[in-house]
Each structure stands twice: as structure tokens, then as C-alpha cells.
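Here is what each chain is made of, one letter per residue.
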Amino acid sequence: MYKNRRVAVDAAAFNQGLAAETDAELERELLTLNAHMSAATYRFLMLVRAFDARTAWADFGMRLMAHWLNWRCGIAL
């Protein structure tokens, strides 16, 4: 029960902080964060490509890169 109450309080505090922001400010931040996520995804995929090309995942006893990604990154097979 306490945990749910805390989540509700945290959400209320978060939403209260956002109430002061204009729609344009929210949109700008959304677009900025989306650009950061896209850039991070690109970088992640380039690193995966390099790691896979080196078959570095085999050093951990994995049979495939997908198994390493599942084990280390929590990405579903």
C-alpha cells in the first residue's frame, strides 16, 4: 500500500512541475529527447555490429550475438 501511495505522490509532483511548462516547451523537449533516443539507438546498433563482427560474444560462452544481447541487455530473443 505504501509503495502505491509513494508512486502517486511522485507522479503528482512530476505532473505539478510540468504544469508550469507551455505546450511549446513540452513539444520542444519531446522532440529533443526523441532525437537523443534516435542517436543513442544508432550508436547502440553500430556498437552491436562491431561487437558481433569480432564475435566478442563468444568469449562469454554464447552461441549467438542474440544470446549475448538477451543475457547482458535484456533484449528478448
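A short tour of the structure in this document, coming up. (Residues numbered from 1 in each chain as written. Predicted model: local features only at pLDDT ≥ 70, side-chain atom pairs only at ≥ 80, totals over all residues. Heavy atoms only, no water.)

Across all of its chains, the model carries 2 aromatic pairs by this definition. Measuring from centroid to centroid gives 4.5 Å for Phe 51 and Trp 68, while their planes differ by 45°, and the two rings are tilted. Taken together, the residues Phe 51 in helix α2 (residues 23-53) and Trp 68 in helix α3 (residues 65-73) connect sequence positions 17 residues apart. Classification of Phe 51 as partly exposed rests on a relative accessible area of 23%. (Phe/Tyr/Trp six-rings, centres within 6.5 Å; stacked < 30°, edge-to-face > 60°. Helix = DSSP H or I, 4+ residues; strand = E, 2+ residues; numbered from the N terminus. Buried < 20%, exposed > 50% of the residue type's maximum accessible area, 1.4 Å probe, protein only.)

In this section: the nonpolar core. Listed in full, the 5 residues of the largest apolar core are Val 48, Trp 57, Met 65, Trp 68 and Leu 69. Once you skip the residues sitting within four places of it in the chain, Met 65 turns out to touch Val 48, Phe 51, Asp 52 and Trp 57. (Core = buried A, V, L, I, M, F, W, Y, C linked by side-chain atoms within 4.5 Å. Contact = heavy atoms within 4.5 Å.)

Interpretation note: all reported values are geometric properties and have no functional meaning in isolation.
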